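Given next are the chains, with one letter for each unit.
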Amino acid sequence: MRVLVLTPYPYGTTAGPRSSFELWERVLREADISLEYAVFETDRLHEIIYRPGLVGQKALEMARAYTKFVPKVRDLAPYDAVLVNREATLIGPAAIERWVARRGKPLIYLLDDPLYIPYRSPSNGWLSYLKAPGKVKTLCGISKVVLANSPSHVAFARRHNANVWEIPSVVDADRYTGWIPGDGRDHGTVCVGWSGSPSTAMNLQMIRQPLKAWSRRSDVQLLFIGGRDFGLADVPHDEAPWRAESEVDDLRRLDVGLLPVPATRWAPHKFYLKLVQYMALGIPPVATPVGANLAVIEDGVTGFFASDDAGWRAAVERLVGDADLRERCGRQAAEMAHRRYTVQANAEKIVAAFRSALA
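Before going into details, it helps to say that this report is about the structure given with it. Here the structure is a predicted model, which is why all the values come from computation and not from measurement. (Residues numbered from 1 in each chain as written. Predicted model: local features only at pLDDT ≥ 70, side-chain atom pairs only at ≥ 80, totals over all residues. Heavy atoms only, no water.)

### Digging into the nonpolar core
Stage number 1. The biggest cluster of nonpolar side chains holds 58 residues, and the ones touching the most others in it are Val 192, Leu 211, Trp 214, Leu 258 and Val 286.
Stage number 2. When residues of this core are assigned to their parent elements, the largest contribution, 6 residues, is made by helix α10 (residues 273-280).
Stage number 3. Not counting chain neighbours up to four residues away, the residues in contact with Leu 258 comprise Val 192, Gly 193, Trp 194, Ile 207, Leu 211, Trp 214, Tyr 278, Val 286, Trp 312 and Val 316.
Stage number 4. Counting 36 residues, the second largest nonpolar core, distinct from the first, contains Ile 96, Leu 107, Ile 117 and Trp 266. (Core = buried A, V, L, I, M, F, W, Y, C linked by side-chain atoms within 4.5 Å. Buried < 20%, exposed > 50% of the residue type's maximum accessible area, 1.4 Å probe, protein only. Helix = DSSP H or I, 4+ residues; strand = E, 2+ residues; numbered from the N terminus. Contact = heavy atoms within 4.5 Å.)

Dropping the structure here:
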């Protein structure tokens, strides 16, 4: 089975694909299913798309990307099916996807973000409204199969398609091995940390006061991975850039993982990969009780929920002060994550979902 993947993002650059079809390739290949890629973003567009402003440059690069992308999907004859990752193009209606469907190629639609809810990006302002959120309903309806990573996405897709598979965002169990005693965590201080991206760095403002309190403790080190401007000049902390090649080793530096999530229209519908990454490595998480987090964490067993400053301080400080609790919670988190949220644990389902496109 040969599948053409229509994706907005260059290979290896975005969390969604890295935790889905880019990682699925290994199990799909073993089932004689191959993926080939047609990418919408140009290098320049990828470089500027999430920077604030630059509206004129973004509009010009978006037009260039569109004209370069169309020829990539003209010859569909070699392919048995076409996978659409979120949307084939970053703007406009589902014109290319409709064209593919009319050519008789089965569509596999991957929905891993609540694109069906209008959203104004802080980086792109009014350009966000060109995304045409109504096309998600169309894409669900014209696809042979829909793959969705959260219960909310599954519920939405099932209103428009009968063949919907829930496949969570996953990690590679061979890389994300749980904590083994003696791996270097006994270092005298407890590393409380966060990992994310420049677009989510401001989420740490939600827990600014708890962070200030922890930064004053001699037994706590704060480490933030992957952001640039945290707006926390009054909170002493260490920073590390996100690097694909060192991501797992960087995360292993954490003893407690933080996942504060702001109250937005998107938040209740999302699956938060970072939570699974923490847990698979045996890092006990403390997270906002929202979205798929409610299904992933068993509060007090595999992690803790916190909704306000007092809750964040209580949960984190309990973990900081009790090494046995950190170990117990981390082990249980890793066991659950490896049972449910690795590509190996979901391999059979992934292969069956792809094959259902040809049924």
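### Quick look at the pattern of salt bridges
Stage number 1. Under the defined criterion, the tally for this structure stands at 16 salt bridges.
Stage number 2. Between Arg 51 and Glu 47 there is a salt bridge whose closest N-O contact spans 3.3 Å.
Stage number 3. Taking the shortest distance from any N to any O, the salt bridge between Asp 234 and Lys 212 comes out at 3.5 Å. Of this pair, Asp 234 sits in the loop between β8 (220-225) and β9 (238-240) while Lys 212 is found in helix α8 (residues 208-215), placing the two residues 22 residues apart along the sequence.
Stage number 4. Taken together, the salt bridges that share partners define one network made up of Arg 86, Asp 112, Asp 113 and Lys 270. (Salt bridge = Lys/Arg side-chain N within 4 Å of Asp/Glu carboxyl O.)

### Observations regarding the sheet that holds β8
Stage number 1. Here we have 6 strands laid out as an open sheet, ordered β9-β8-β7-β10-β11-β12, and parallel in their pairing. The open sheet has two edge strands, β9 and β12 (304-305), and neither has a second partner.
Stage number 2. Direction of pairing for strand β10 (residues 256-259) relative to strand β11 (residues 285-287): parallel, over a ladder of 3 bridges. By the bridge assignment for β11, Gly 257 is matched with Pro 285.
Stage number 3. In the packing of helix α12 (residues 309-320) onto the sheet, contacts are made with β7 (190-195), β8, β10, β11 and β12, and the angle to β11 comes to roughly 175 degrees. (Pairing = 2+ DSSP bridges. Axes fitted to C-alpha atoms, helices over the stretch in contact; angles between N-to-C directions.)

### What about helix α2 (residues 21-30)?
Stage number 1. Across the 10 residues of α2, 7 count as buried, placing the element largely inside the fold.
Stage number 2. Listed as buried for α2 are Phe 21, Glu 22, Leu 23, Trp 24, Glu 25, Val 27 and Leu 28.
Stage number 3. Two residues or fewer past α2, Asp 32 is found with a positive phi of approximately 65 degrees.

### Section: the pairing of β10
Stage number 1. By the alternation rule, side chains of β10 split into Val 256 and Leu 258 and Gly 257 and Leu 259, which are all buried.
Stage number 2. Handedness of the crossover joining β10 and β11 through α10 is recorded here as right-handed. (Right-handed = clockwise from strand over helix to strand, strands pointing away.)

### Some remarks on the sheet that holds strand β4 (residues 107-111)
Stage number 1. With respect to topology, 6 strands assemble into an open sheet ordered β2-β1-β3-β4-β5-β6, the strand pairing being parallel. Whereas interior strands pair on both sides, the edge strands pair on one side only; in this sheet they are β2 (34-39) and β6 (164-166). Strand after strand, the sheet turns through a mean of 20 degrees between neighbouring axes, direction not considered.
Stage number 2. Where strand β5 (residues 145-148) and β6 come together, 3 bridges link them in parallel fashion. Each residue of the ladder has a partner; that of Ala 148, found in β6, is Glu 166.
Stage number 3. Together, β4 and β5 form the strand contacts of helix α6 (residues 135-142), whose direction differs from that of β4 by roughly 140 degrees.

### What about unusual backbone geometry?
Stage number 1. Even without being glycine, Asp 32 reaches a positive phi, approximately 65 degrees.
Stage number 2. Here Asp 32 shows up in the loop between α2 and β2.
Stage number 3. The exposure class assigned to Asp 32 is exposed, which follows from its relative accessible area of 61%.
Stage number 4. Located in the positive-phi region is Arg 86, a residue other than glycine, with phi close to 65 degrees.
Stage number 5. Along the polypeptide, Arg 86 turns up in the loop between β3 (81-85) and α5 (95-102).
Stage number 6. Arg 86 gets classed as buried once you look at its relative accessible area, which sits at 12%.

### Observations concerning empty space enclosed by the protein
Stage number 1. Taken as a whole and judged by the stated rule, the model has 2 cavities of 30 Å³ or more.
Stage number 2. Estimated volume of the largest cavity: approximately 40 Å³.
Stage number 3. Among the residues forming the lining of the largest cavity, the class breakdown is 4 nonpolar, 4 polar and 1 charged.
Stage number 4. Estimated volume of the second largest cavity: approximately 30 Å³.
Stage number 5. Residue lining of the second largest cavity: Glu 87, Leu 115, Lys 131, Ala 132, Pro 133, Lys 135 and Val 136, and that is the complete set. (1 Å grid on protein atoms, 1.4 Å probe; cavity = no way out; pocket = protein on both sides within 12 Å on 5 of 7 lines; lining within 4 Å. Points joined across faces, edges and corners; volume = space filled by probe spheres on them. Nonpolar A, V, L, I, M, F, W, Y, C, P; charged D, E, K, R; others polar.)

### So, the side chain of Thr 42
Stage number 1. Mapped onto the fold, Thr 42 is located in the loop between β2 and α3 (43-48).
Stage number 2. Classification of Thr 42 as buried rests on a relative accessible area of 12%.
Stage number 3. A distance of 3.1 Å separates polar atoms of two side chains, one belonging to Thr 42 and the other to Glu 61.
Stage number 4. Aside from chain neighbours lying at most four places away, what touches Thr 42 is Glu 61, Ala 65 and Lys 68. (Polar contact = N/O pair within 3.5 Å; in protein donor to acceptor, adjacent residues only side chain to side chain.)

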